[in-house]
Amino acid sequence: MALLSLAVGSFGIGMTEFVIMGLLPEIAQSTLAPLWSTDSEQAIAQAGWLISLYALGVVVGAPTISGFLARYPRHRVMIGLAAALAVFNAAILIAPTFEWVALTRFLAGLPHGAYFGMGALVAADLLGPGKRAQGVAFVLTGLTVANVVGVPAGTFIGQNLGWHAAFAIVAAIFALATAMIAIFVPAHEGDPSRTMRAELGVFRIGQVWATLAVGAIGFGGFFAVYSYVSPLVTEVAGSPAWAVPIVLVVMGLGMTIGNLLGGRLADWDLPRSLLGSFVALIVSLVLLALTSGWIVTLVIFIFAVGVSSAIASPTIQTRLMDVAQDNQSIAAAMNHSALNIGNSLGAALGGAVIAAGWGFQAPSWVGAALAGLGLVLAALSLRADRDISLRATLRR
């Protein structure tokens, strides 16, 4: 029940982060009405900044909140973070303009990374050595299940009852998570010695920076496509709007399978899991770009993108915890800063190529390029590990 409570919160995070991607046309039409009436593509591209601002909130909030709160009992910190997520997501319901909506999205992103970071540490401790990656994957499962159930349902509700209704549901989920964490997550003491200054020592470790770069750039490839699934389905494949939630369900199923598989693969062989996931992601994105004009192949390769990207998620999280040494709290949270830099980067670059008139298939090519760069960085990082180990062996 403790793990389930944490997963409910991650379900809410997955829904608030991703449901907006399926509702970009509705949000653009509502909050950018003058621009929508003259150029809908430009309006959708501008609405894409709501994705980037949420990601910016994660990037800012993950290290600062985790660093300041590392010394406090983790179960109490988790209660506070879940409550903050409920409040900030409810604020969007009363936001009167696009600018105010943008502000609420930034605020909603602030607790995201700290929640996942603290939750990953609690889950890893609960399952113990040898199953750390599976503990991380369990917490992340809430996020991936959100892509099977929450995001498609929220998209359908937002399309039919107004996009505000989707975020009302999100706020209610976080309220439930707050109550469940308070009831079921056992006491998990912090470390009084872990000051912000001590936690910032993580940034002196070169492999931490390398792993963060792998997550930020490599995962940007996934988000370049995911941010614009809705127009890819309706404009490129020529399918009706009701098909968008179905495609999101398929991608969410792929992510759920990939996440659970990634936890087991990372516990078995982390380096091979990391490299293999990026190779599979590149291939999936290229095939999606080439065949997305037909809804059947679009669905097949959207599923493949979901599986391959999700395998990388617990793998990167576990590697970051491995290379961070004693700086666990801030390192675990910084993974989500990196992934949301990827979110912001992918959404921004995907929006840029659309606004440039290259079409809604162009983000898939951008995604493949970013995933390829992530693969190169991962290979270099793992090679550096081997070189360090070899030098240490020779000295002995």
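For clarity, every value in this text was computed on a predicted model and none was experimentally measured.

Peer 1: I tried to follow the overall build of the chain on my own but got confused; where do I start?
Peer 2: A count of helices and strands for the chain gives 17 helices and zero strands. Relative to its length of 396 residues, the chain is compact, with a C-alpha radius of gyration of 20 Å against a globular reference of 21 Å. For the chain, the C-alpha atoms occupy an extent of roughly 70 × 45 × 30 Å along the three principal directions. Sorting the 396 residues of the chain into buried and exposed places 58% on the buried side. Computed over 17 positive and 16 negative side-chain charges, the inter-centroid distance for the chain is 14 Å.

Peer 1: How should I be thinking about the nonpolar core in this particular structure?
Peer 2: It is characteristic of soluble globular proteins that their nonpolar side chains tend to be buried jointly. Residues Leu 6, Tyr 115, Phe 222, Tyr 226, Leu 288, Leu 298 and Ile 302 are the most contacted members of the largest nonpolar core, which totals 100 residues. Looking at this core element by element, the count peaks at twelve residues for helix α14 (residues 243-291). Apart from residues no more than four positions distant in its own chain, Leu 6 is found in contact with Met 78, Tyr 115, Gly 119, Val 122, Val 139, Ile 181 and Val 185. In this structure, Val 202, Val 208, Leu 212 and Ala 338 belong to the second largest nonpolar core, which totals twelve residues.

Peer 1: Looking at this model, I keep getting lost on the pattern of salt bridges. Mind explaining?
Peer 2: Two side chains that carry opposite charge are able to pair once their charged atoms sit near each other. Across all of its chains, the model carries one salt bridge by this definition. A salt bridge links Arg 272 to Asp 269, with the shortest nitrogen-to-oxygen separation between them at 3.5 Å. Linking Arg 272 with Asp 269, this pair stays in helix α14, spanning three residues, or about one helical turn. Residue Arg 272 is classed as exposed on the basis of its relative accessible area of 58%.

Peer 1: How do you make sense of empty space enclosed by the protein when you look at a structure like this?
Peer 2: Take a probe with the size of a water molecule and roll it over the atoms, and the empty space left behind shows itself. Under the counting rule described, the total for this entry stands at one cavity of 30 Å³ or more. Lining the largest cavity we find 18 residues, and of these Phe 18, Leu 143, Phe 219, Ser 313 and Leu 339 sit closest to its centre. Mapped by element, the contributors of at least two residues to the lining of the largest cavity are α1 (2-22), α8 (112-127), α9 (132-161), α12 (206-226), α14, α15 (295-323) and α16 (328-355). Residues belonging to the lining of the largest cavity are distributed by class as follows: ten nonpolar, seven polar and one charged.

Peer 1: Honestly, the confidence of the model for the chain in this entry has me stumped. Any pointers?
Peer 2: Caution applies to low-pLDDT parts of the model: their predicted coordinates are not meant to be read in detail. With 93% of its residues at a pLDDT of 70 or more, the chain shows a mean pLDDT of 84. Within the chain, helix α11 (residues 196-199) has the poorest average pLDDT of any element, 71, and helix α10 (residues 163-184) the best, 93.

Peer 1: Mind showing me how you'd approach a nonpolar patch on the surface here?
Peer 2: Nonpolar side chains collect at one region of the surface, where Val 279, Val 283, Leu 287, Leu 290 and Trp 365 lie side by side and expose about 440 Å² of accessible area between them. Here Val 283 lies in helix α14.

Peer 1: Just to check I follow, could you spell out the packing of aromatic side chains for this structure?
Peer 2: Here the distance between the centres and the angle between the planes together describe a pair of aromatic rings. As enumerated under the stated definition, the model contains eight aromatic pairs in all. Ring centres of Phe 222 and Phe 223 lie 5.0 Å apart, and the angle between their planes is 70 degrees; on these two criteria the pair is classed as edge-to-face. For Phe 222, a relative accessible area of 1% puts it in the buried group. By relative accessible area, Phe 223 is classed as buried at 4%.

Rules behind the numbers
- Residues numbered from 1 in each chain as written.
- Predicted model: local features only at pLDDT ≥ 70, side-chain atom pairs only at ≥ 80, totals over all residues.
- Heavy atoms only, no water.
- Helix = DSSP H or I, 4+ residues; strand = E, 2+ residues; numbered from the N terminus.
- Rg over C-alpha atoms; globule rule 2.2 N^0.38 Å.
- Buried < 20%, exposed > 50% of the residue type's maximum accessible area, 1.4 Å probe, protein only.
- Lys, Arg positive; Asp, Glu negative; His and termini not counted.
- Charge placed at Lys NZ, Arg CZ, Asp CG, Glu CD.
- Core = buried A, V, L, I, M, F, W, Y, C linked by side-chain atoms within 4.5 Å.
- Contact = heavy atoms within 4.5 Å.
- Salt bridge = Lys/Arg side-chain N within 4 Å of Asp/Glu carboxyl O.
- 1 Å grid on protein atoms, 1.4 Å probe; cavity = no way out; pocket = protein on both sides within 12 Å on 5 of 7 lines; lining within 4 Å.
- Points joined across faces, edges and corners; volume = space filled by probe spheres on them.
- Nonpolar A, V, L, I, M, F, W, Y, C, P; charged D, E, K, R; others polar.
- pLDDT = per-residue confidence, 0-100.
- Patch = residues over 30% accessible without salt bridge, like charges linked within 9 Å, V, L, I, M, F, W, Y side chains within 5 Å.
- Areas by Shrake-Rupley, 256 points an atom, 1.4 Å probe, with all protein chains shown as cover.
- Phe/Tyr/Trp six-rings, centres within 6.5 Å; stacked < 30°, edge-to-face > 60°.

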